[in-house]
Every structure is written in structure tokens, then in C-alpha cells.
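In case you want the letters, here they are:
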Amino acid sequence: QQPVQSPQAVILREGEDAVINCSSSKALYSVHWYRQKHGEAPVFLMILLKGGEQKGHEKISASFNEKKQQSSLYLTASQLSYSGTYFCGTRGSNFGNEKLTFGTGTRLTIIP
Amino acid sequence: KAGVTQTPRYLIKTRGQQVTLSCSPISGHRSVSWYQQTPGQGLQFLFEYFSETQRNKGNFPGRFSGRQFSNSRSEMNVSTLELGDSALYLCASSLGGFGLLSYSPLHFGNGTRLTVT
């Protein structure tokens, strides 16, 4: 099943914080985050594995709650360059051949 | 290092025709995945190939097929095109493999935008 992302879209001013959520109806082993800017290819942000710690670098970080089958992406003090559509992808097992299923995306717009 | 290359960038076809899309992965990457992207539907998984073998397939009709060559290049074919096949088709490559290698990041190409009229 496709993971559900929320919100579907959000508009923020530069410097504000954003949280994007990703939830699944089934048990998750890994959550993958990608960002796609308008007219460009999706770009990998980070991956969180079951039993792993919260990951991130500087102002973009993510958490993974295995019991709730949810992940959240945190963007702190957003910059104009953060604008784009964010996708979470999930896998339910640690078998390498399980497909990566993406959510429908969250469109983030940062305005000056 | 060259990125993932997809050709052609744009295609216009009519209903009933067939089309072949090409993807050249990053050198050294053995896994190639294909996704269909349409507004509101996100990235829909089509299939994944690893070392010339189809490792996984999404929920698309049999009109969608693909293959991977020994040099890891991949092609995707859609036969008997329908209006609903209009979309951006993205190819992504990764190291692939097993264990932790299976979690290597996907590197996407810029896609082929297919328009069916």
C-alpha cells in the first residue's frame, strides 16, 4: 500500500519550520526521503532503518516511529532552496528485493 | 561521474502505438527501477531490474514491460498506448545488491515525458 503523506501542500515564509509526515498501514522496515524541485529529478535526502536513530544534517532531519509506522521530516529555519515536493518511500521488510513504494508527495513552497 | 541518462526527453505518440524508453544508469550501478509520475499520484513503481533479472514488478498491465542488458542499461516498452499512459517516466539507478547494499540511494534521471494523443 502507498504511504500517506501530510500535509499535501504547505506554504511557509523563509525562516519558518516545517514538518512533513509519512504514515503507513503496514509495518515498516525502512523509510526513504526524497525531494523533487520543479522540473528536476527527485534527489535522495536520507534513509531511516528500523532500530536506527534519528538522522539528519544541519537543518533537515527525520525521525522514524516503528510502533506507529510513521516517519516525520523536519525542516528548520526553512530557506528558499527548500521549496519542492517531498516524497517518502517505504519498505516493509529488510529483503532487498522488496519494491520501494512512494507516497503522493508534499508540496512545500517557501516565500521570502 | 555522469548521472542517469534517459532518452528521449519528450515523446508524442497516438493511441494504439507502442513506445520504447531508454535508461543508462550511473557507471557501476546494477539496479535500475522505473517509475511513472502523474499529478496527484506521486511516483508509481513499474519494475526493478538487477543484473538483467526483473526483481520486482508493480501493479501495471502487461502492456508495460522492460528489460535490462548486460551493461545495466535498461529499456521500458509500452504497447497499445492509451491516453492514460501520458506521464513522466522516471528511471532510477542504484548499486543494488543484497543486505545493506539494497538500501543504497536511488539516483533518478530527468525522465521521459510521454504524451499520448
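Here the structure is shown first, and the text comes after it.
Residues numbered from 1 in each chain as written. Chains lettered and ligands numbered in written order. Predicted model: local features only at pLDDT ≥ 70, side-chain atom pairs only at ≥ 80, totals over all residues. Heavy atoms only, no water.

## Quick notes on the pattern of salt bridges
All names here are of chain B. In plain terms, the rule: One side-chain nitrogen of Lys or Arg within 4 Å of one carboxyl oxygen of Asp or Glu is enough to make a salt bridge. Classification of residues uses two cut-offs on accessible area relative to the type maximum, computed with a 1.4 Å probe and protein chains only: under 20% is buried, over 50% is exposed, and between them is partly exposed.
Per the counting criterion, the structure on display carries 5 salt bridges over all chains. Here Arg55 and Glu48 are joined by a salt bridge, their closest N and O atoms 2.8 Å apart. Take Arg55 and Glu48: they sit in the same class, and that class is buried. Between Glu75 and Arg73 there is a salt bridge whose closest N-O contact spans 3.5 Å. Since its relative accessible area comes to 17%, Glu75 is described here as buried. The class of Arg73 is partly exposed, set by a relative accessible area of 25%. Residues joined in a network through salt bridges with shared partners are Arg63, Glu82 and Asp85.

## Digging into the side chain of Asp85 of chain B
All names here are of chain B. Using the following cut-off: For helices the rule is a DSSP run of H or I covering at least 4 residues; for strands it is a run of E covering at least 2, with both sets numbered from the N terminus onward. The definition of a polar contact used here is a pair of N or O atoms within 3.5 Å, where within protein one atom must be able to donate a hydrogen and the other to accept one, and adjacent residues in sequence count solely through side-chain atom pairs. Contacts between residues were defined by any pair of non-hydrogen atoms, one from each residue, lying within 4.5 Å.
With respect to the helices, strands and loops of the structure, Asp85 is situated in the loop between β8 (74-78) and β9 (87-94). Engagement of the side chain of Asp85 in a polar contact is seen with the backbone nitrogen of Glu82, the distance being 2.8 Å. Apart from the residues lying within four places of it in its own chain, the contact partners of Asp85 are Gln36, Arg63, Phe64, Val78, Thr80, Leu114 and Val116.

## Observations concerning unusual backbone geometry
Residue Ser6 of chain A is joined to Pro7 of chain A through a cis peptide bond whose omega torsion reads -5 degrees. Along the chain, Pro7 of chain A falls in the loop between β1 (4-6) and β2 (9-13). Phi at Ser51 of chain B takes a positive value of approximately 50 degrees, unusual for a residue other than glycine. Relative to the elements of secondary structure, Ser51 of chain B occurs in the loop between β5 (42-50) and β6 (53-57). Using a relative accessible area of 31% as the deciding quantity, one classes Ser51 of chain B as partly exposed. Positioned with a positive phi, Glu52 of chain B is a non-glycine residue whose angle comes to about 70 degrees. With respect to the helices, strands and loops of the structure, Glu52 of chain B is situated in the loop between β5 and β6.

## A look at the interface of chain B and chain A
Here is the rule we go by: When two parts are brought into contact, each loses some accessible area as probed by a 1.4 Å sphere; the total of that loss over both is the buried area. Amino acids outside the nonpolar list (Ala, Val, Leu, Ile, Met, Phe, Trp, Tyr, Cys, Pro) and the charged list (Asp, Glu, Lys, Arg) are all regarded as polar, and Gly is one of them.
Opposite the 22 residues of chain B that make contact, chain A presents 24 residues. Across the interface of chain B and chain A, roughly 1800 Å² is buried in total on both sides, 57% from carbon and sulfur atoms. Its largest share of buried area at the contact with chain A, chain B owes to Leu43, Tyr103 and Phe108 of chain B, together 34% of the area lost on that side. The tally of links from chain B across to chain A stands at 0 salt bridges. Taken together, the links from chain B to chain A amount to 4 residue pairs in polar contact (both at pLDDT 80 or more). At the level of secondary structure, the elements contributing two or more residues to the side of chain B that touches chain A comprise β4 (31-38), β5 and β6 of chain B. In terms of residue count, the dominant contributor to the side of chain B that touches chain A is β5 of chain B (4 residues). Partitioned by chemical class, the residues of the side of chain B that touches chain A number 9 nonpolar, 11 polar and 2 charged.

## Let's talk about the state of the cysteines
Let me state the cut-off plainly: The criterion for a disulfide is a pair of cysteine sulfur atoms lying within 2.5 Å.
For the structure on display, the rule yields 2 disulfides over all chains. One disulfide bridge connects Cys22 of chain A with Cys88 of chain A, the sulfur atoms lying 2.0 Å from each other. Because the torsion about its S-S bond is 70 degrees, the bridge between Cys22 of chain A and Cys88 of chain A counts as right-handed. Pair noted here: Cys22 of chain A is in strand β3 (residues 18-23) and Cys88 of chain A is in strand β9 (residues 84-91), with a separation of 66 residues, a long-range link. Of the two residues, Cys22 of chain A and Cys88 of chain A, both sit in the buried class. Note on cysteine connectivity: Cys23 of chain B is disulfide-linked to Cys91 of chain B, with sulfurs 1.8 Å apart. Negative torsions about the S-S bond denote left-handed disulfides, and the value of about -50 degrees found for Cys23 of chain B with Cys91 of chain B makes this one left-handed. Within this pair, whereas Cys23 of chain B is found in strand β3 (residues 19-24), its partner Cys91 of chain B is found in strand β9, the two being separated by 68 residues in sequence.

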